[in-house]
Amino acid sequence: MGEHYFANRPETASRPRTVDLVLPDLHLRLETDRGMFSPDRVDPGTRVLLESVPPPPATGTLLDLGCGYGPIALTMAHRSPGATVYGVDVNERALDLARRNATTAGLDNVRFGLAEEIDPALRFDAIWSNPPIRIGKAALHDLLLAWLPRLTPGGVAHLVVQKHLGSDSLQRWLNERGHPTERLTSRSAYRVLAVSARPRARTGSDTA
Ligand SMILES: C[S@@+](CC[C@H](N)C(=O)[O-])C[C@H]1O[C@@H](n2cnc3c(N)ncnc32)[C@H](O)[C@@H]1O
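Right, let's walk through the structure included here. If you're wondering where the values come from, they're calculated on a predicted model, not measured in any experiment.

Turning our eyes to something else, we now look at the environment of Gly 35. The residue Gly 35 is located in the loop between strand 2 (26–32) and helix 1 (44–52) in this model. Residue class for Gly 35 comes out buried when judged on its relative accessible area of 15%. For the pair Gly 35 and Pro 10, spaced 25 residues apart in sequence, the C-alpha to C-alpha distance is 5.4 Å.

The following block contains the structure:
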């Protein structure tokens, strides 16, 4: 059976290569390898996200959830040089390449690591993600429930999901979980969802 791109330590023999990420505002050559998501080209869903989401906050703390070799985190770091960007993944080969890609791009406002290496007290002003749909619905829901509550009040998460992989049901589920969620973009097979932080529960003193 083929190895999943979300393996922690891919056993697949290494075969390094590069892909070009070309956007109106940046051009990066990124090192990739076997054993990770979309090693031969920047994923079209990632491209839809990067081409359609408004610029991230200029300062603060930003997150790329499931960063792979780093195209989303590095774009955020480039667009928001005054912010600190975190990229988290379970795939250590991808994290190593993401760190190398940051160094090559001269971006020093981005940090890559496993979830447990990221300070649990950190809160995020924006989250961008091409999430790992293929880990299964229950695991994806658990992942989102672990990270979305870490949005700051007013923070927004942008998630790109293919329609046939369940973007509409994910949007419904997020709304049911109390995260106001709208469809920002609909381009070919891809949808970008804009997910707001859950509104804080009103307390007695709010209404006094
Ligand atoms: C669809 S890929 C996107 C990769 C990269 N952001 C891109 O655009 O090319 C999803 C990523 O999520 C990672 N992933 C899977 N399970 C995860 C988890 N529990 N926590 C964080 N990342 C995870 C996978 O290893 C994979 O790199």
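Among the 16 residues in the neighbourhood of the ligand, the closest are listed as Phe 37, Thr 46, Gly 66, Asp 89 and Asn 130. Between the ligand and the protein, one listed contact pairs a nitrogen atom with a backbone N or O atom of Gly 66 at 2.7 Å. Summarising the interface, the protein chains cover 92% of the accessible area of the ligand, which totals 590 Å² for the free molecule. Residues of the shell around the ligand, tallied by class, amount to 10 nonpolar, 5 polar and 1 charged.

Further remarks concern the sheet that holds strand 8 (residues 181–187). Strands pair in a sheet through their backbones, by hydrogen bonds, and they do so in one of two ways: parallel or antiparallel. Reading across the sheet, the 7 strands line up as 5-4-3-6-7-9-8 and stay open at both edges, with mixed pairing between neighbours. Two strands in the sheet have a free side with no partner beyond their single neighbour: strand 5 (110–113) and strand 8. Within this sheet the neighbouring strands show an average axis-to-axis angle of 15°, counted without direction. With 6 bridges joining them, strand 8 and strand 9 (residues 190–196) adopt antiparallel strand pairing.

A few words on helix 2 (residues 71–79). Of all 9 residues in helix 2, 7 are buried, a share of seventy percent or more. Those residues of helix 2 that fall on the buried side of the exposure criterion are Pro 71, Ile 72, Ala 73, Leu 74, Thr 75, Met 76 and Ala 77.

Conventions we followed
By convention here, each chain's residues receive numbers from 1 onward along its written sequence. Where totals are concerned, whole chains, interfaces and linings use all residues; where local detail is concerned, this predicted model gives features only for residues with pLDDT of at least 70, and gives and counts side-chain atom pairs only at 80 or more. Think of the side-chain values as coming from all heavy atoms in the structure, minus any hydrogens and water. The helix and strand labels rest on DSSP assignments: H or I over at least four residues marks a helix, E over at least two residues marks a strand, and numbering proceeds from the N terminus. We call a residue buried when its accessible area falls under 20% of the maximum for its residue type, exposed when it is over 50%, and partly exposed in between, using a 1.4 Å probe and counting protein chains only. Proximity is defined per residue: if any heavy atom of the residue lies within 4 Å of a molecule or strand, that residue is considered near it. Any pair of N or O atoms that falls within 3.5 Å is considered a polar contact. Within protein, one atom must be able to donate a hydrogen and the other to accept it, and sequence-neighbouring residues count only if both atoms are side-chain atoms. Residue-level accessible areas treat just the shown protein chains as cover; the underlying method is Shrake-Rupley with a 1.4 Å probe. Ten residue types, Ala, Val, Leu, Ile, Met, Phe, Trp, Tyr, Cys and Pro, are classed as nonpolar, four, Asp, Glu, Lys and Arg, as charged, and the remainder, Gly among them, as polar. Any two strands are treated as partners once DSSP identifies two or more bridges connecting them. A fitted line through C-alpha atoms serves as each axis, taken over the contacting stretch for helices, and the angle formed by two N-to-C directions is quoted from 0 to 180°.

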